[in-house]
Amino acid sequence: MREGVLLCFSVLFVCSVLGQVSYSIPEEMPKGSVVGNVAEDFGLDIKSLNSRKARIFSRDGDKYVELHKERGVLLVKNRIDRETLCAQLMPCALHFQIILENPMEFYSVTLEITDINDNPPSFEKSDVRFKISESAVRGAKFILDRAVDLDVGVNALHTYTLEPKEHFVVKLHDPADGSKNVEMILEKPLDREKQEHISLVLTALDGGEPQMTGTMQVLITVLDANDNAPVFTQSVYKASIRENSPVGTILMAVTATDADEGSNGRITYSISSIIENARGVFDVNAENGEITLRRNVDYEKTHSFQMNIRASDDGGLGDSCKVMIDVTDINDNKPSIQIISKSKVISEDATLGTVVTMINIEDADSGDNGKVQCYINENIPFLMKSSTGDFYSLITESELDREIASEYNITVTCSDEGMPSLSSSITLNLQISDVNDNAPVFERSSYEAYIVENNTPGLSIFTVKATDADWKQNARVSYILEDSFVNGVPVSSYVSLSADSGVIHAVRSFDYEQIKDFQFSVKAQDGGSPPLSSNVTVKILIQDQNDNPPQVLYPVQTGGSMVAEMVPRSADVGYLVTKVVAVDVDSGQNAWLSYKLQKATDRALFEVGLQNGEIRTIRQVTDKDAVKQRLTVIVEDNGQPSRSATVIVNVAVADSFPEVMSEFSDFPHDKEYNDNLTFHLVLALAVVSFLFITCLVVIISVKIYRWRQSRILYHSNLPVIPYYPPRYSDTLGTGTLPHVYNYEVCRTTDSRKSDKNFGITGSQNVLIMDPSSTGTMQRIENEKSILDEPDSPLEQKPPNNDWRFTQGQRPGPSGATGGPEVAMGTGPWPQPPTEAEQLQALMAAANVSEATATLGPGTMGLSTRYSPQFTLQHVPDYRQNVYIPGSTATLTSNPQQQQATAQQATQQALPPPQASAQAEPPKAAQTPASKKKSTKKEKK
C-alpha cells in the first residue's frame with residue numbers, strides 16, 4: 001500500500017516568471033524520476049544545453065537533483081527525505097540555479113518537497129510510570145508524554161487512544177499556542193485495595209493514508225491519598241539564549257508549589273515532552289527546575305526550541321508548563337563567496353561591460369549580520385555589479401591595455417554589517433591577451449653613423465633598434481630597407497640591412513672624395529595581423545682617410561720639354577723664384593700641405609716656404625753660382641701616415657735667355673719620367689705585336705682552309721679565265737622563253753663579288769664566231785648605239801610566268817623530273833647553286849678560245865642571284881659541251897663541227913618578221929659592279 005502511495009505523485013508547474021520556475025514533487029521519489037522539463041519551461045534549445053555547458057549550481061540542491069542535458073529535464077538524483085531536509089518547516093523547498101555560458105545566464109528553480117506519510121508517531125519512552133493516590137478525584141488530570149510524528153500536515157499526529165478505558169480516558173488539550181497536550185483524565189475513582197497496579201496502552205494515530213500508529217505503555221501505581229497537586233507559577237515560560245553559548249549555560253528555572261507537606265509536598269521536575277530538534281539540547285534540574293544547555297545551539301539551524309516541564313510530588317500529583325526558548329543570532333558566519341563562472345583570459349580590446357566573472361554571495365546569519373556588501377580593489381578597470389539577489393557580476397569598467405598591465409589580480413572582498421563585521425575575500429587572476437595595437441618604436445627619432453672610407457665590403461656600420469610594446473608575435477620586429485636612390489643608384493647597392501638584428505652593413509667600399517654622406521629610411525615592422533610599422537631616417541657620414549697623395553699643379557712636369565725658372569744674377573735676398581702649387585683631394589688635416597726642400601744643387605742659395613711653397617733666395621746671387629740649379633721639393637700632407645709628392649724645379653741663374661739655352665741644351669730629363677715612359681712603350685709594343693701575330697695566324701689559317709677547299713673542287717689545272725663580254729645569244733627564238741636575253745656576268749672565285757647584268761632581247765642579236773679571234777660578239781647597229789651611251793643602264797625586271805623550262809630543257813641528270821608545282825609554274829624557285837657549280841659553269845662558258853661554238857639542245861642551266869629560276873642540277877664536263885639555257889645551241893670543242901655551226905648560226909641570226917615587232921624586255925638594274933665596268937669602258 002505504501003509503495004502505491006509513493007508512485008502516485010504529481011508534478012505541479014507553479015510559475016515561470018522572469019527566469020524562475022517552481023516545481024513540486026513528493027518526497028521519497030525513486031532515482032531517475034522526472035522533476036520537470038526546464039528546457040520547455042524556460043524556452044531553451046535542448047542542443048544548446050551541451051554547447052553552453054548547462055549545469056546546476058546550488059549549495060546543496062545538486063545532491064538531490066540532476067540535469068539531463070539530452071532531454072532537457074530535471075531528474076531525481078538521490079533519495080529526498082523531507083524530514084531530513086526541513087524537519088517541521090512548511091513549506092519545504094530546494095532552491096538552485098541552472099547556469100549557462102556563452103553568454104553567461106542563469107535561471108532560478110524552486111523545488112517544493114511535499115510530505116508523504118512515511119513516518120509513524122513515536123514516543124520518546126516506551127513506558128511511563130505514575131503514582132496516583134486513591135484519593136484522586138474524578139476529573140483529575142495526568143499529563144502524558146506526547147508522541148512525535150516527523151510528518152507534517154495531514155500526515156502528522158492526529159489523535160490518541162487509551163486502552164482499557166475502565167478508569168481513565170485520554171484527552172487532547174489545545175492551548176492558545178496551537179500545541180496539543182495529552183492528558184489522562186480519571187473517570188472512575190481508584191481503589192488501591194482492589195487494584196494496586198494498572199497497566200494502560202496509549203496509542204498515537206496520525207492522519208495519513210494508510211494511517212500509522214505508535215504506542216507507549218502507561219504503568220500506574222495506586223498510592224495512598226495525596227489531595228494537593230503541584231502548581232507552576234506560570235503556565236508558559238519564555239527564555240532566550242545566544243547561539244554558540246557554552247555548554248552548561250543556565251537558561252532559566254521553572255517553579256512549582258505543592259500545598260501538601262512531607263513527601264506529598266516534595267516536587268520533582270522533569271521534561272515531559274519535547275520536539276525532535278530539542279532532544280538532548282537541554283536538561284532540567286529535578287530538584288530546583290533549572291534548565292541548562294547540554295550542547296551548542298546554532299541559530300542557522302534552529303531559531304527556537306519548545307518543551308514541556310512536569311512538576312510531580314511524591315504522591316503522584318503533578319502539573320506541567322510550557323517552556324519556549326528563542327536562539328539569538330550572533331555574527332558568527334563570514335560571507336561565503338562561490339564562483340559560478342569566470343574567464344581566465346580576456347582580450348585587451350574587450351568592450352565596456354564585458355562580464356568577466358559571475359559569483360554567488362551568501363551569509364548564513366540573519367538581519368544586519370546577513371547583509372553583505374562586496375567590493376574590489378581600487379585603481380583597476382573593473383566593476384562589481386549586483387545582478388539579482390545574492391549574485392554579482394564582475395564587468396569591465398574602462399578600456400584595457402595589456403601594455404600597461406598584462407594581468408590583474410582582482411581581490412573580491414565581501415563584508416557583512418554585523419558587529420564586529422566579518423568578511424571574506426577571494427583573488428581572481430585575469431590574464432589580458434594581446435592585440436596588435438602598438439607599432440614598433442625606434443630608440444631615436446633619427447640616426448647618424450660614421451664609417452671611414454676605404455672600408456671592407458660587409459663591414460658592420462651601425463645597428464638600429466626598435467621595440468614593440470606588444471607581446472610574442474605582435475612584438476617580433478623585422479627591419480626593412482626602404483627603396484630609395486642615392487645619386488641615381490639604389491641604396492641597396494650601398495648598404496644592406498639585417499631583417500632580424502637591424503645591423504647595417506656596407507655593401508661596397510666608400511670613397512670620401514666621391515660621396516661624403518647619404519641617408520636612407522629603415523622601416524620596422526612587427527609580426528601582427530595586420531602588421532604595424534614605423535620609419536626612421538639613417539644618415540651615414542663618410543669619414544676621410546689619408547688615401548690620396550698631394551698633386552702638384554705647378555710647375556708642370558713634362559717629359560719632352562724643359563721648363564726652367566730664371567733668376568737674374570742681380571737678385572737680392574728673398575727674391576721670389578717661383579711658387580710650387582699643390583692640392584690634396586682629401587679633407588681636413590689630411591689636406592694640410594707643407595713644403596720642404598729635399599735636394600738642391602746649392603742648398604745655401606734657395607729655401608722653400610713651409611706653408612705657401614714659395615721658393616726664394618736666401619742670399620745674394622753671385623757670379624760663382626752655377627747657371628743650372630736643380631731643386632727637388634717634397635710636398636707632404638698632414639695625414640697619418642702622411643703622403644707626399646716630389647717636384648723638380650729647374651732654375652737658371654742668368655741674365656739673358658741665350659745664355660740659358662746654351663747651358664740647358666743638354667739638361668738631362670727626369671730619370672723617373674723616362675723610366676715610366678720606357679715601360680709603357682715596351683708594354684704597348686708587346687701588346688701590338690701579340691695582336692698582329694694573332695691576326696696573321698688567323699688570316700693564314702683561313703687562306704689555307706679556302707685553298708684546300710678549292711683543291712678539292714678542282715682536280716686538274718685550270719686555264720686562266722679571261723673576261724669576255726657576254727655576246728652569246730640564241731637567235732632562233734625557240735624554247736620556253738618568248739624572248740632571249742643577253743647576260744653580262746662577272747664571276748670570281750668568291751660569289752659574293754660576282755655581278756651580272758641583263759641585256760636586251762636576244763632576237764635582236766646575232767651570234768658571230770670568228771675562229772681566229774677570241775670569240776667576241778657584235779651587236780647590231782641599234783644596240784651598239786645604246787651601249788655607247790654612258791648613262792643608259794639596262795634595268796632588270798623580274799621574269800614573267802613563262803620563264804621556265806620544258807621537261808626536255810630542264811637541267812639535271814637524265815630522267816630528272818620536277819614535281820607538279822614546278823611543272824605548273826606555281827612552286828617555289830629552286831635553291832641557288834653553290835660556288836663550285838657557278839665557277840665550273842663560268843669556266844666552261846669562257847673556254848671559247850679552244851673551239852668554235854655550235855648551238856644545239858642542252859640540259860645545263862646557269863643560275864645567278866639575279867635569275868634564281870636557273871638551277872644547276874648537273875654540271876657536265878666543260879671540255880666537251882656547253883649548254884646555253886633557253887636555246888638549242890651547244891658549244892663544242894670538235895673542230896669539224898665549228899665551221900658548219902658558224903654557217904648555220906649566220907642563217908639563224910636573221911630575225912623572223914614577227915620578232916621585230918615584239919616589245920623590249922624589262923631592263924635590268926645596274927649593280928655596283930656593272931657601274932664600275934661601264935665607267936672603265938667610257939674612260940677607255
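Residues numbered from 1 in each chain as written. Predicted model: local features only at pLDDT ≥ 70, side-chain atom pairs only at ≥ 80, totals over all residues. Heavy atoms only, no water.

A. Quick look at the overall build of the protein chain. When its secondary structure is counted, the protein chain shows 11 helices and 56 strands. Counting over 940 residues, the protein chain shows a buried share of 41%. When contacts within the protein chain are restricted to residue pairs at least 6 apart in sequence, long-range pairs at least 24 apart make up 67% of them. (Helix = DSSP H or I, 4+ residues; strand = E, 2+ residues; numbered from the N terminus. Buried < 20%, exposed > 50% of the residue type's maximum accessible area, 1.4 Å probe, protein only. Contact = heavy atoms within 4.5 Å.)

B. Focus on the state of the cysteines. Under the criterion given, the structure shown has two disulfides. Covalently, C86 is tied to C92 through a disulfide, its sulfur atoms 1.8 Å apart. Between C86 and C92 the disulfide shows an S-S torsion of about 65°. By sign, it is right-handed. Across the pair, exposure class does not vary: C86 and C92 are buried alike. Residue C374 pairs covalently with C414 via a disulfide, S to S 2.1 Å. A torsion of 110° about the S-S bond marks the disulfide between C374 and C414 as right-handed. (Disulfide = S-S within 2.5 Å.)

C. Just the sheet that holds strand β3 (residues 34–37), in detail. Pairing in this open sheet of three strands is antiparallel, and the strands run β3-β6-β5 from one edge to the other. Unpaired on one side and paired on the other, β3 and β5 (65–68) mark the two borders of the sheet. For this sheet, the mean inter-axis angle between neighbouring strands, taken without regard to orientation, is 25°. Where β3 and strand β6 (residues 73–76) come together, three bridges link them in antiparallel fashion. Residue G36 lies in a different strand from β6, and its bridge partner there is L74. (Pairing = 2+ DSSP bridges. Axes fitted to C-alpha atoms, helices over the stretch in contact; angles between N-to-C directions.)

D. Molecular detail of the environment of E83. Inspection of the secondary structure puts E83 in helix α4 (residues 82–86). E83 gets classed as buried once you look at its relative accessible area, which sits at 10%. Taking the C-alpha atoms as reference points, E83 and L150, separated by 67 residues in sequence, lie 6.2 Å from one another. What E83 contacts, discounting residues up to four positions off in sequence, is E27, D115, D118, N119, L150 and D151.

E. Fine view of the sheet that holds strand β40 (residues 495–497). Spatial strand order, β35-β41-β40: three strands in an open sheet with antiparallel pairing. Of all the strands in the sheet, just β35 (460–463) and β40 have a single pairing partner and so form its edges. Strand-to-strand twist across the sheet, computed as the mean angle between neighbouring axes with direction ignored, equals 25°.

F. Up close: the pairing of strand β7 (residues 92–100). Among the nine residues in β7, seven count as buried, and that is most of the element. Sheet topology note: the strand β4 (residues 55–57)/β7 ladder contains three bridges and is antiparallel. Directly across from F57, in β7, lies its bridge partner Q97. Between β7 and the antiparallel strand that follows it, strand β8 (residues 105–114), lie four residues; N102 among them carries a positive phi value of about 55°.

G. The arrangement of the side chain of N155 in detail. Looking at the secondary structure, you find N155 in the loop between β10 (141–144) and β11 (157–163). Looking at N155, its side chain comes within polar contact range of the side chain of D115, at 3.3 Å. With sequence-adjacent residues up to four places away left out, N155 is seen in contact with D115, I116, N117, D149, D206, G207, G208 and E209. (Polar contact = N/O pair within 3.5 Å; in protein donor to acceptor, adjacent residues only side chain to side chain.)

H. How the structure looks around the nonpolar core. I461, V464, V495, F518, F520 and V522 are the most contacted members of the largest nonpolar core, which totals 29 residues. Those elements giving two or more residues to this core turn out to be β34 (446–452), β35, β37 (477–481), β40, β41 (503–506), β42 (517–526) and β43 (533–543). Beyond its immediate sequence surroundings of up to four residues, F520 is in contact with L481, S484, V491, V495, I504, V536, T537, V538 and I540. Membership of the second largest hydrophobic core comes to 28 residues, among which are M29, L49, V65 and L74. (Core = buried A, V, L, I, M, F, W, Y, C linked by side-chain atoms within 4.5 Å.)

I. Representation of the environment of Q234 within the structure. For Q234, the position within the fold is in the loop between β16 (231–232) and β17 (236–242). Taking the C-alpha atoms as reference, Q234 lies 8.2 Å from V254; in sequence the two are 20 residues apart. Reaching out from Q234, the side chain makes a polar contact with the backbone oxygen of V236 at a distance of 3.1 Å.

J. Layout of the pattern of salt bridges. One pass over the full model with this rule turns up 17 salt bridges. Among the ionic pairs, E83 bridges to R82, the shortest N-O distance being 3.7 Å. K371 is the partner of D368 in a salt bridge, and the nearest nitrogen-oxygen pair spans 3.5 Å. Connected through shared salt-bridge partners, E28, R79 and D81 make up one network. (Salt bridge = Lys/Arg side-chain N within 4 Å of Asp/Glu carboxyl O.)

K. Quick peek at a nonpolar patch on the surface. On the surface, F692, I693, L696, V697, I700 and I704 cluster together into a nonpolar patch covering about 570 Å² of accessible area. Along the polypeptide, L696 turns up in helix α6 (residues 671–713). (Patch = residues over 30% accessible without salt bridge, like charges linked within 9 Å, V, L, I, M, F, W, Y side chains within 5 Å. Areas by Shrake-Rupley, 256 points an atom, 1.4 Å probe, with all protein chains shown as cover.)

L. Structural context of unusual backbone geometry. Cis geometry is adopted by the peptide bond preceding P164, which originates at E163 and carries an omega value of -15°. Within the secondary structure, P164 sits in the loop between β11 and β12 (168–173). Residues other than glycine seldom take positive phi values, yet E28 does so here, at roughly 60°. Of note, E28 is situated in the loop between β2 (20–26) and β3. Taking the relative accessible area as the measure of exposure, E28 reaches 14% and is therefore buried. For N379, which is not glycine, the phi dihedral falls at a positive 60°. Along the chain, N379 turns up in the loop between β28 (372–376) and β29 (382–386). In this structure N379 comes out as exposed when scored by relative accessible area, which is 79%.

M. Fine view of the side chain of S534. Positionally, S534 belongs in strand β43. Engagement of the side chain of S534 in a polar contact is seen with the backbone oxygen of P440, the distance being 2.4 Å. If we ignore the near neighbours within four places in the chain, the residues touching S534 are P440, V441, F442, V522, K523 and A524.

N. Looking closely at the packing of aromatic side chains. Evaluation of the coordinates by the stated rule reveals 15 aromatic pairs. Ring geometry for F42 against Y107: centres 4.6 Å apart, planes inclined by 45°, an arrangement best described as tilted. Here the residue F42 occupies a position in helix α2 (residues 38–42), and Y107 occupies one in strand β8, the gap between them amounting to 65 residues. Here the two residues F42 and Y107 agree in accessibility, since each one is buried. Centre to centre, the rings of F142 and F168 are 6.0 Å apart; their planes meet at 75°, and the pair counts as edge-to-face. Of this pair, F142 sits in strand β10 while F168 is found in strand β12, placing the two residues 26 residues apart along the sequence. Comparing F142 with F168, the two get one shared label, buried. Sitting above the plane of the Y494 ring, R508 keeps its charged end 4.3 Å from the centroid. Taking the ring centre of Y512 as reference, the NZ or CZ of K516 above it sits at 4.9 Å. (Phe/Tyr/Trp six-rings, centres within 6.5 Å; stacked < 30°, edge-to-face > 60°. Lys NZ or Arg CZ within 6 Å of the ring centre and 35° of its normal.)

O. Looking closely at the confidence of the model for the protein chain. Of all residues in the protein chain, 70% attain a pLDDT of 70 or more, and the chain-wide mean is 75. Note that pLDDT drops below 50 for residues 1–18; the model gives that stretch 30 contacts with residues more than four away or on any other chain. (pLDDT = per-residue confidence, 0-100.)

P. Up close: the environment of T617. Mapped onto the secondary structure, T617 falls in strand β50 (residues 614–617). Through-space distance from the C-alpha of T617 to that of D572 is 7.4 Å; in sequence the pair is 45 residues apart. With residues up to four places along the chain from it excluded, the contact list for T617 reads V567, D572, V573, G574, Y575, V577, L605 and F606. Here D572 takes part through its backbone oxygen, which lies 2.7 Å from a polar atom of the side chain of T617.

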